[in-house]
Amino acid sequence: MLKSLWLWVGLAALGILAGALAVSRQRLRTLRAWAVTTGVIALLLAFSLVLIRGPLLSGVQPANVEVANAVYDGITASLRSWTLWLVLIMAGITAATLLWGRIGSSRPSGGPGTPPAHEAQRTERLPSRLPPTGARRSGRSRRPGRSGLRTRPGRSSPG
């Protein structure tokens, strides 16, 4: 029963991950958050399997302790091993998502600190839209002491 439960919980988690990645704008961060969350939950499960053993088997008669330990180990051995494998896989996914942008997969060849190409293009276009430095918007010069706020006709000036 634990194996079928583990299978269905895993399939549900993968389905949730696929849906989250489909609607996410930042898929790498979503994948990293899912891996960290799943890894932490799996670690808590592995620790709880170890911690619950004592209270669960404390009511067993002394003559049957070895048999009860063997049954508990038989039931939880595969769950424990699959959980630890899951923790290792999630740690690997987390490491890969942390290193993905640093190993050059999405960076231009300009080196560290160089903005991505789409940002460089955007900053190149911005100065062409702005008027040259020192140019006036209108033919009038601004008077000292004015904040530059305009008022609607029929209203007094601010301040």
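Keep in mind the model is a prediction, meaning the values are calculated, not measured.

By the secondary structure assignment, L88 is in helix 4 (residues 65-99). Each C-alpha atom, one on L88 and one on G39, is 7.9 Å from the other, the two residues being 49 residues apart in sequence.

Moving on to a nonpolar patch on the surface. Residues L7, W8, L11 and L14 make up a contiguous nonpolar surface patch of roughly 450 Å² in combined accessible area. Its place among the elements puts L11 in helix 1 (residues 2-23). With a relative accessible area of 44%, L11 lands in the partly exposed category.

We now examine the confidence of the model for the protein. A residue-level look at the protein finds 63% of positions with pLDDT of 70 or above and a mean pLDDT of 75. Taken element by element, the predicted model of the protein shows its lowest mean pLDDT in helix 5 (residues 117-129) (55) and its highest in helix 2 (residues 27-51) (89).

Here we take up the pattern of salt bridges. Tallied over the full model, the rule gives one salt bridge. For D73, the salt bridge is made with R53, and the minimal N-O distance between the two is 2.8 Å. Note that D73 is positioned in helix 4 and R53 in helix 3 (residues 53-57), a separation of 20 residues in sequence. Take D73: its relative accessible area is 29%, and that puts it in the partly exposed class.

Another point: the environment of W6. The topology assignment puts W6 in helix 1. Looking at W6, the relative accessible area reads 25%, which means it is partly exposed. Distance from W6 to W82, taken between C-alpha atoms, is 8.9 Å for residues 76 residues apart in sequence.

With that settled, consider the packing of helix 2 against helix 4. At a minimum axis separation of 8 Å, helix 2 and helix 4 run at an interaxial angle of 155 degrees. Considering their axes alone, helix 2 and helix 4 lie roughly antiparallel with respect to each other. Of the two elements, helix 2 crosses helix 4, and the hand of that crossing is left-handed. Taken together, the residues of the contact of helix 2 with helix 4 sort by class into 18 nonpolar, six polar and two charged.

Attention now moves to the nonpolar core. Core analysis: the largest hydrophobic core is formed by five residues, namely L49, L57, A68, Y72 and L79. Among the elements that take part in this core, helix 4 stands out by supplying three residues, more than any other. Apart from residues lying up to four places away in sequence, Y72 is in contact with L49, I52, R53, L56 and L57.

Once that is clear, we can look at the side chain of T97. Topologically, T97 is positioned in helix 4. At 2.9 Å, the side chain of T97 and the backbone oxygen of T94 are in polar contact. Contact partners of T97, with chain neighbours within four places excluded, come to L28, L31 and R32.

About the thresholds
- Numbers given to residues run from 1 along each chain, matching the order in which its sequence is written.
- This being a predicted model, a pLDDT of at least 70 is required before a residue's local features are given, and a value of 80 or more before pairs of side-chain atoms are given or counted; all residues contribute to the totals for chains, interfaces and linings.
- The side-chain figures draw on all heavy atoms in the structure; neither hydrogens nor water molecules are used.
- Strands here mean DSSP runs of E at least two residues long; helices mean DSSP runs of H or I at least four residues long; both are numbered from the N terminus.
- Candidate patch residues must exceed 30% relative accessible area and have no salt bridge, after which like charges are joined if within 9 Å and Val, Leu, Ile, Met, Phe, Trp or Tyr side chains if within 5 Å.
- Using a 1.4 Å probe, the Shrake-Rupley method yields the accessible areas, and only the shown protein chains count as cover for residues.
- Here a salt bridge means any side-chain nitrogen of Lys or Arg lying within 4 Å of a carboxyl oxygen belonging to Asp or Glu.
- Note on exposure labels: buried denotes an accessible area under 20% of the residue type's maximum, exposed denotes more than 50%, and partly exposed covers the range between, all computed with a 1.4 Å probe on protein chains only.
- Note: pLDDT gives the predictor's confidence per residue, expressed from 0 to 100.
- All axes here are fitted lines through C-alpha atoms, helices being fitted over the stretch that makes contact, and every angle between N-to-C directions spans 0 to 180 degrees.
- Here the word oblique covers every angle except those under 35 degrees (roughly parallel), over 145 (roughly antiparallel) and from 65 to 115 (roughly perpendicular).
- Helix crossings fall into two classes, left-handed where the near helix is turned counterclockwise from the far one by less than a right angle and right-handed where it is turned clockwise.
- Asp, Glu, Lys and Arg are counted as charged, while Ala, Val, Leu, Ile, Met, Phe, Trp, Tyr, Cys and Pro are counted as nonpolar; the rest, among them Gly, fall into the polar class.
- Among buried residues, the Ala, Val, Leu, Ile, Met, Phe, Trp, Tyr and Cys ones that are joined through side-chain atoms within 4.5 Å form a nonpolar core.
- By the convention used here, residues are in contact when the closest approach between their heavy atoms is within 4.5 Å.
- Distance and chemistry together define a polar contact, namely a pair of N or O atoms within 3.5 Å, with one atom able to donate a hydrogen and the other to accept it when in protein, and with adjacent residues in sequence counting only for side-chain atoms on both sides.

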